[in-house]
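Survey of secondary and tertiary structure
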Amino acid sequence: MQYRAIIRILGLLVALFSVTMLPPALISLIYQDGAGLAFVTAFFLSLITGLAFWYPHRHVKNDLRAKEGFLIVVLFWTVLATYGAIPFALLEQPQMTITDAVFESFSGLTTTGATVIEGIEFLPKAVQFYRQQLQWLGGMGIIVLAVAILPILGVGGMQLYRAETPGPVKDSKMTPRIADTAKHLWYIYLSLTIACSFAYWLAGMNVFDAINHAFSTIAIGGFSNYDASLGHFDSVAVNVVCVVFLWIAALNFALHYSAVSGRNIQNYFKDPECRAFFTIQFVLIFVCFVVLVNFQVYDSYGKSFSQALIQAVSISTTAGFATTDFSAWPAFLPIILIFASFIGGCAGSTGGGLKVIRVLLLFLQGKREIDRLIHPKAVYAVKLGDRAMPGRVVEAVWGFFAAYAIVFVFIMIGLIATGLDDITAFSATAATLNNLGPGLGTVSGTYASVSDPAKWLLVLAMLFGRLEVFSLLVLFSPTFWRS
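Residues numbered from 1 in each chain as written. Predicted model: local features only at pLDDT ≥ 70, side-chain atom pairs only at ≥ 80, totals over all residues. Heavy atoms only, no water.

Below, the discussion takes up the overall build of the chain. Secondary structure assignment for the chain yields 22 helices and two strands. Since a compact globule built from 483 residues should have a radius of gyration of about 23 Å, the 22 Å found for the chain is in line with a globular shape. Projecting the C-alpha coordinates of the chain onto the three principal axes gives extents of approximately 70 × 65 × 50 Å. The buried share among the 483 residues of the chain stands at 58%. A fraction of 71% describes how many contacts in the chain between residues 6 or more apart in sequence connect residues 24 or more apart. (Helix = DSSP H or I, 4+ residues; strand = E, 2+ residues; numbered from the N terminus. Rg over C-alpha atoms; globule rule 2.2 N^0.38 Å. Buried < 20%, exposed > 50% of the residue type's maximum accessible area, 1.4 Å probe, protein only. Contact = heavy atoms within 4.5 Å.)

Shown next, in the form of structure tokens:
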């Protein structure tokens, strides 16, 4: 294991990450909210320690193997999220324990959107901005991780996409170098953020709110600078803007790149994962609308449709924005929305969950097994679009699903052991492992009442979900640490 090279990279990342403390400090200066000292202190601590790790190893530039790649990917999130907790721990308002500070930081950077803070609108403007900024930076990190890094390590939904399917990802190959790929993704991500900010402003938000909510929308994070989330605005226009940009952010960013570079949107319609994603979305919206109308939850069809639209899209894409308390909805709607978050967004998007492509392949594999029972001697292939999937791809998907389920069960049992009731434990595990945020029971609003041991378990769940499970599980293998 090339530890010196790993330390050099992490030191440089921490030093670069320290710069993200300066915008909140500037916001604090503008609004005179008294939070600037915490961010300036965090900036110097991060910069100094980052440079201290980087400087002694600055000339170490060995080629890294996949083994080091896995460790760097995991440490990237854990180390940066830990440093991201420093401002929260230093703030006078709100006063947070180390556990709460770490939970909030990990929730932000992994774009989970779960919070332990109450009275968010009364926080200093710098803190409000910092929470949203964490999600935005985490969202970009997810895109680069999913599209550029994990496929090289042989992990992630994009690995299946690139290796096994025709269309924009394989044909365009993005760009041959990770740096170029990351640069193009940044351009797309930044452009979408600017467009979303402008749309929110046109919908009636002030500039500060528009930028903040654009950060968390494009990152599919769900943080808001109001306790009532999007419900604070009570605006159909705001809801529509949110839905449109959540859909865009939940699509494969390689498709966006292909559309921009080729000036052709046909690849969206040709892509089987994209078609499956919107089919799921429209069915879920329709089901929510019908149930809300049937139970007369709202006094008009328009209100019912508006609420069904924003909540179905927000929860299923793992954003977690709220316009109402969906956990109080009648019948099976709260449960079906939680289960929808297991599907999440497309591979190579900022969404969480299993990813649509995996769920689609699981469905096709299940259908094939039924067909085999009916016609045992027939030969059936799992096809994605017009291409038959090799057996190893289907096996990889089933392996991922099994690992996901095992992690889910262990974390849920651990939460029950800390004293949480069954519904809360189940939904909290789903909400953090799928990087959703809000759950049911006592975590339908905030996670403030959850015990410290439970919060640390939930932080672990956030990491598992964000790192596509295998990237973190591989570190628990003794074989990994053998030279």
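Here we come to the confidence of the model for the chain. For the chain, the average pLDDT comes to 87, and 92% of its residues sit at 70 or higher. pLDDT under 50 marks residues 155–175. Its contacts with residues more than four places away, or in other chains, come to 66 contacts. (pLDDT = per-residue confidence, 0-100.)

The subject of this paragraph is helix α21 (residues 452–466). Given a rise of 1.5 Å per residue, 15 residues ought to cover 21 Å, and the 21 Å separating the end C-alpha atoms of α21 matches this to within 8%. Considered for burial, the residues of α21 that qualify are Ala 454, Lys 455, Leu 458, Val 459, Ala 461, Met 462, Leu 463, Phe 464, Gly 465 and Arg 466. Phi turns positive one or two residues past the end of α21, at Glu 468, with a value near 60 degrees. (Expected span 1.5 Å × (residues − 1).)

On to the nonpolar core. Counting 152 residues, the largest nonpolar core has Tyr 200 and Tyr 447 as its most contacted members. Tallying contributions element by element places helix α19 (residues 391–417) first for this core, with 11 residues. (Core = buried A, V, L, I, M, F, W, Y, C linked by side-chain atoms within 4.5 Å.)

Any two side chains of opposite charge can pair, so long as their charged atoms come close to each other. Applying the stated criterion across every chain, the model contains seven salt bridges. The salt bridge involving Glu 104 is made with Arg 131; its shortest N-O contact spans 3.0 Å. Taken together, the residues span a long stretch of sequence, with Glu 104 in helix α6 (residues 98–109) and Arg 131 in helix α7 (residues 125–153) at a distance of 27 residues. For Glu 104, a relative accessible area of 0% puts it in the buried group. Linked by salt bridges that have partners in common, Lys 355, Arg 358 and Glu 468 make up one network. (Salt bridge = Lys/Arg side-chain N within 4 Å of Asp/Glu carboxyl O.)

Further remarks concern unusual backbone geometry. With an omega of 0 degrees, the peptide bond running from Gln 93 to Pro 94 counts as cis. Residue placement: Pro 94 occurs in the loop between α5 (86–90) and α6. Despite not being glycine, Asp 234 shows a phi value in the positive range, around 45 degrees. Judged by relative accessible area, Asp 234 falls into the exposed class, the value being 60%. Non-glycine residue Val 469 carries a positive phi angle of around 65 degrees. By the secondary structure assignment, Val 469 is in the loop between α21 and α22 (470–473).

A few words on a nonpolar patch on the surface. Together, Phe 198, Trp 201, Leu 202, Val 207 and Ile 211 give the surface a local cluster of nonpolar side chains, amounting to about 510 Å² of exposed area. At the level of secondary structure, the elements contributing two or more residues to the nonpolar patch comprise α10 (178–202) and α11 (207–218). It is α10 that contributes the most residues to the nonpolar patch, three residues altogether. With respect to the helices, strands and loops of the structure, Leu 202 is situated in helix α10. Residue Leu 202 is classed as exposed on the basis of its relative accessible area, which comes to 57%. (Patch = residues over 30% accessible without salt bridge, like charges linked within 9 Å, V, L, I, M, F, W, Y side chains within 5 Å. Areas by Shrake-Rupley, 256 points an atom, 1.4 Å probe, with all protein chains shown as cover.)

Let's shift gears to the environment of Ala 42. The topology assignment puts Ala 42 in helix α3 (residues 36–54). A sequence separation of 319 residues divides Ala 42 from Leu 361, and the C-alpha atoms of the two residues are 45 Å apart. Beyond its immediate stretch of four places on either side in the chain, Ala 42 contacts Met 21, Ile 86, Pro 87 and Leu 90.

Evaluation of the coordinates by the stated rule reveals zero disulfides. Summary of cysteine pairing: Cys 196 is not part of a disulfide, and the nearest cysteine sulfur, belonging to Cys 242, is at 7.5 Å. The cysteine Cys 274 is free of any disulfide, with Cys 346 supplying the nearest cysteine sulfur at 6.1 Å. (Disulfide = S-S within 2.5 Å.)

What the rule picks out here adds up to 27 aromatic pairs. Ring centres of Tyr 226 and Phe 233 lie 5.5 Å apart, and the angle between their planes is 85 degrees; this geometry places the pair in the edge-to-face category. By relative accessible area, Tyr 226 is classed as buried at 14%. For Phe 233, a relative accessible area of 18% gives the class buried. Between Phe 408 and Phe 426, the aromatic rings sit 5.6 Å apart at their centres with planes inclined by 70 degrees, giving edge-to-face as the arrangement. (Phe/Tyr/Trp six-rings, centres within 6.5 Å; stacked < 30°, edge-to-face > 60°.)

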